[in-house]
Each structure stands twice: as structure tokens, then as C-alpha cells.
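# Architecture and fold: a report
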Amino acid sequence: MYLFAHFSRFCAGIGGLMSKNIAILASGNGTNAENIIRYFQNSESVNIGLVLANRETALVLERARSLNVPFACMGKTEWVDGTAVLALLEERGIDFIVLAGFLARIPDCILHAYPNKIINIHPSLLPKFGGKGMYGDRVHEAVVAAGETETGITIHYLNEHFDEGEVIVQYRCPVLPQDTAEDVAKKVHALEYEYYPQVIERLLSEMC
Ligand code: GAR
């Protein structure tokens, strides 16, 4: 126990000194991706090495282009197999992977290559309103339809099952009786923008 605590402190110490190279994976609009890129723009300890999408039309690619961040897109076949995606991540020296509205399944070979180094953000308080097919506005619509009085965000490690990896942290916001799904989306996005970059920064500073 003592050794573990000591080792964690040691990692946090040297982790702070070495720059980490992260990849952001996104499928659509990419407002979270842009927010994370801007947060780390002048960072000496975190570099956004790659924005990776699974759709050519994903707006996140335009955002990466205009922010001068390297970007790429891999098609369905590559995401099913995983070999080419993993090769790209390794070629770019990626240490840590952040999912920000990424909707495809992460192949097992990537999960194995990055143990506890892939995180996701989900726009509800998991395990509520999670699982396959639950993403983006669908989640907020379900929250309103269920008459929930609160919702929020969950930041969690990734495993082989959708939205079931170990929870790192959750943040909450109220859902008022008159709130529409759009109102809820605004509150949830505000939590995402405030907390996701901070949590990424903390995890990276603790990483060896
Ligand atoms: C975010 O709200 C994120 O939590 C959600 O997709 C949205 C992407 O928005 N992710 C999921 O639903 C994953 N199951 P953005 O493209 O504007 O960042």
C-alpha cells in the first residue's frame, strides 16, 4: 500500500515533466474536440497529436484544420479491423486517447494497446441512459421523457462494452419540469466544456 502511494506520487512528479501526446476521436460536430484543443493550445505538457474521425463529412475535421491540428479519417473497414488505426496512432506517438462524441466501437487491438489510456465522455449519469444507440440528443430526449429531475456527464475509461468502463467522475445538473431536450443539452454541454479538459489534464499529470 505504502509502495503504491509512493509510486503514484513519483508518477505524478515525472508525469508533470514529460509532454503527453493525445489523440481526440470524434464522429460529428466536434465542439468538445475544439474546446479541448483550445484548452491545451499553449500547454507545454500536453500536445494534441491527432484528431481522428470515422466519417469524411465530420465537422470536427474542419475544426482541426482551422486550428492547425493534425487530422485524419479512417473508414468503416479500418475501424472494424483496427490494425491500420493502431498503426497510425503508434506512428504519431500517441500516449492517450480521448473520445469526444465518437460513435464507432474501438477495436480490441487498440483497447489492449492502450490499457486505462482511453477515456470517453457520456452525456448522462451512467448507468442511466447509456448503451448502444444512446448518444447525443437521443440521450437528452430520453432524460426528458423519463421525467428525470437531474442529469449530467460521466467521464469513464473505455472497455469492450458501450458505456460500461470504470467511471472516473460524474458531474450533475438539474432538469427542470419545463426543460426541453434542447435545454438539457445546453446544460450538459456546459458541464462537458468546463470539466472534460480539466479531467484530461489531471489524468495525464498522474500518468507515467
Ligand atoms: C457530447 O455531448 C458527448 O457527450 C456525446 O456526444 C456529444 C458530442 O458533441 N457522446 C456520446 O453520446 C457518446 N455516447 P460534440 O460533437 O459537439 O462534441
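Residues numbered from 1 in each chain as written. Predicted model: local features only at pLDDT ≥ 70, side-chain atom pairs only at ≥ 80, totals over all residues. Heavy atoms only, no water.

By the naming in an unreviewed UniProt entry, the chain goes by Phosphoribosylglycinamide formyltransferase and is assigned to Bacteroides eggerthii 1_2_48FAA. Quoted straight from UniProt, the Pathway (unreviewed entry) entry for the chain says "Purine metabolism; IMP biosynthesis via de novo pathway; N(2)-formyl-N(1)-(5-phospho-D-ribosyl)glycinamide from N(1)-(5-phospho-D-ribosyl)glycinamide (10-formyl THF route): step 1/1." (UniProt positions renumbered as here; feature names shortened; annotations may be inferred.)

With the rule as written, the count across this model stands at nine salt bridges. We note a salt bridge from E150 to R172, for which the minimum N-O separation is 2.6 Å. Taken as a pair, E150 in strand β6 (residues 150–157) and R172 in strand β7 (residues 167–174) lie far apart in primary sequence, 22 residues in all. E150 gets classed as partly exposed once you look at its relative accessible area, which sits at 33%. Close ionic contact of K187 with D179 constitutes a salt bridge, the shortest N to O distance being 2.6 Å. Each of the salt bridges in this network shares a partner with another, and the network as a whole consists of E34, R38 and R63. (Salt bridge = Lys/Arg side-chain N within 4 Å of Asp/Glu carboxyl O. Helix = DSSP H or I, 4+ residues; strand = E, 2+ residues; numbered from the N terminus. Buried < 20%, exposed > 50% of the residue type's maximum accessible area, 1.4 Å probe, protein only.)

A few words now on the UniProt feature "site: Raises pKa of active site His" (unreviewed entry) in the chain. UniProt tags D163 as "site: Raises pKa of active site His" (unreviewed entry). Tracing the chain through its elements places D163 in the loop between β6 and β7. Among all residues touching D163, those that are not within four sequence positions of it are N120, H122, L126, G130, G131, M134 and H156. A distance of 2.8 Å separates a polar atom in the side chain of D163 from the backbone nitrogen of G131. (Contact = heavy atoms within 4.5 Å. Polar contact = N/O pair within 3.5 Å; in protein donor to acceptor, adjacent residues only side chain to side chain.)

What follows deals with empty space enclosed by the protein. Applying the stated criterion across every chain, the model contains one cavity of 30 Å³ or more. Size it by volume and the largest cavity reaches roughly 30 Å³. Residue lining of the largest cavity: S124, L125, K128, F129, E148, E150 and T151, and that is the complete set. Residue composition of the lining of the largest cavity, by class: two nonpolar, two polar and three charged. (1 Å grid on protein atoms, 1.4 Å probe; cavity = no way out; pocket = protein on both sides within 12 Å on 5 of 7 lines; lining within 4 Å. Points joined across faces, edges and corners; volume = space filled by probe spheres on them. Nonpolar A, V, L, I, M, F, W, Y, C, P; charged D, E, K, R; others polar.)

With that settled, consider the site of the ligand. Residues in contact with the ligand amount to 13 residues; listed here are only the nearest, G30, T31, N32, G136 and E192. Here an oxygen atom of the ligand sits 2.8 Å away from a polar atom, N or O, in the main chain of G30. With respect to the ligand, the side chain of T31 contributes an N or O atom lying 2.5 Å from an oxygen atom. When the ligand is considered free in solution it has 450 Å² of accessible area, and contact with the protein chains removes 90% of it. According to the grid-proximity analysis, the pocket containing the ligand is the largest pocket. Going through the elements one at a time, α2 (31–39), β5 (118–122) and α8 (181–206) are the ones with two or more residues in the shell around the ligand. Across the shell around the ligand, the residue classes tally to four nonpolar, eight polar and one charged. (Near = heavy atom within 4 Å. Areas by Shrake-Rupley, 256 points an atom, 1.4 Å probe, with all protein chains shown as cover. Sits in = over half its atoms within 2 Å of the grid points.)

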